[in-house]
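Each chain, letter by letter, is given below.
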Amino acid sequence: GQQLNQSPQSMFIQEGEDVSMNCTSSSIFNTWLWYKQEPGEGPVLLIALYKAGELTSNGRLTAQFGITRKDSFLNISASIPSDVGIYFCAGQGNAGANSKLTFGKGITLSVRP
Amino acid sequence: DAGVTQSPTHLIKTRGQQVTLRCSPKSGHDTVSWYQQALGQGPQFIFQYYEEEERQRGNFPDRFSGHQFPNYSSELNVNALLLGDSALYLCASSLAGVGGSRYFGNGTRLTVT
């Protein structure tokens with residue numbers, strides 16, 4: 001099935017550094033979401049974006065909904081060890097508020113103390 | 001307030017067997033979606049249930065079927081298991097019209113041998 005494009009597959013950063021991840025699609029989405037998944041758990045919603053150009057923050061996390069509606073990025077500032085995990089982007093299309101989510105393959109973030 | 005709960009947490013089956021996975025949505029939610037997450041991949045949408053009917057379906061064969069009960073809980077059934085069905089099966093719940101698949105359970109890890 002279709003997946004969004006996230007790369008690289010893994011990122012390694014030093015504690016305290018900022019990190020940016022982006023997500024691209026060949027299709028337009030009306031909602032973009034960013035999730036974090038830790039081992040043995042389901043994805044946990046970090047940020048939801050509902051309008052093209054929207055910039056939203058959640059603590060040290062900031063995400064933006066691309067103007068073309070085909071991309072989004074997530075920025076984590078001043079990283080800490082508990083930021084370790086897999087970060088997924090997901091897009092939601094035109095079929096209404098309950099339409100399915102299409103996910104990227106995820107980026108595994110490692111933070112060196 | 002319990003979140004999305006799934007059972008069992010782990011399951012081992014033999015090729016050709018049938019399996020039933022269960023999901024209880026977050027309190028107040030009436031819509032349940034199921035996703036399959038293969039190792040190293042993002043979740044893939046299987047189907048969604050609302051008002052005890054399948055409302056949307058992803059690109060999965062008819063071996064995958066489901067059910068929703070009057071209390072909004074849901075089951076995912078997979079018949080004639082294949083080795084490739086080994087994955088983490090995630091359930092997500094939402095309230096119709098408010099926003100889709102925001103809350104995920106921790107999943108059921110299915111291993112087919």
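K.L.:
Looking at this structure, I do not really get the sheet that holds strand β7 (residues 61–65) of chain A. What am I missing?
P.N.:
Backbone hydrogen bonds hold the strands of a sheet together, and the pairing may be parallel or antiparallel. All names here are of chain A. Sheet architecture is open: five strands sit in the order β1-β3-β8-β7-β6, paired in antiparallel fashion. Strands at the two margins of the open sheet, each flanked by one partner only, are β1 (5–6) and β6 (55–58). With six bridges joining them, strand β3 (residues 19–24) and strand β8 (residues 71–76) adopt antiparallel strand pairing. If you follow Asn22 over to β8, its bridge partner there is Phe73.

K.L.:
I tried to follow the interface of chain A and chain B on my own but got confused; where do I start?
P.N.:
By a frequent convention, interface size equals the accessible area lost on bringing the separate parts together. With 23 residues of chain A at the interface, the matching set in chain B holds 25 residues. Applying the counting criterion to the chain A and chain B interface returns zero salt bridges. On the surface where chain A and chain B come into contact, there are four residue pairs in polar contact (both at pLDDT 80 or more). At the level of secondary structure, the elements contributing two or more residues to the side of chain A that touches chain B comprise β4 (31–37), β9 (85–92) and β10 (101–103) of chain A. Taken together, the residues of the side of chain A that touches chain B break down into nine nonpolar, eleven polar and three charged.

K.L.:
Sorry if this is basic, but what is going on with the state of the cysteines here?
P.N.:
Note: disulfide means a covalent bond formed between the sulfur atoms of two cysteine side chains. The tally for this structure, following the rule as stated, stands at two disulfides over all chains. Two residues, Cys23 of chain A and Cys89 of chain A, share a disulfide whose sulfurs are 1.9 Å apart. Between Cys23 of chain A and Cys89 of chain A the disulfide shows an S-S torsion of about 55°. By sign, it is right-handed. Taken together, the positions of Cys23 of chain A in strand β3 and Cys89 of chain A in strand β9 put the pair 66 residues apart, joining distant regions of the chain. What makes Cys89 of chain A buried here is its relative accessible area of 0%. The disulfide partner of Cys23 of chain B is Cys91 of chain B, and the gap between their sulfur atoms is 1.8 Å. The S-S bond linking Cys23 of chain B to Cys91 of chain B shows a torsion near -60°; that makes this disulfide left-handed. Placement of Cys23 of chain B in strand β3 (residues 19–24) and of Cys91 of chain B in strand β9 (residues 87–95) is noted, with a sequence separation of 68 residues between them.

Thresholds, definitions, all that
- Residues numbered from 1 in each chain as written.
- Chains lettered and ligands numbered in written order.
- Predicted model: local features only at pLDDT ≥ 70, side-chain atom pairs only at ≥ 80, totals over all residues.
- Heavy atoms only, no water.
- Pairing = 2+ DSSP bridges.
- Helix = DSSP H or I, 4+ residues; strand = E, 2+ residues; numbered from the N terminus.
- Contact = heavy atoms within 4.5 Å.
- Salt bridge = Lys/Arg side-chain N within 4 Å of Asp/Glu carboxyl O.
- Polar contact = N/O pair within 3.5 Å; in protein donor to acceptor, adjacent residues only side chain to side chain.
- Nonpolar A, V, L, I, M, F, W, Y, C, P; charged D, E, K, R; others polar.
- Disulfide = S-S within 2.5 Å.
- Buried < 20%, exposed > 50% of the residue type's maximum accessible area, 1.4 Å probe, protein only.

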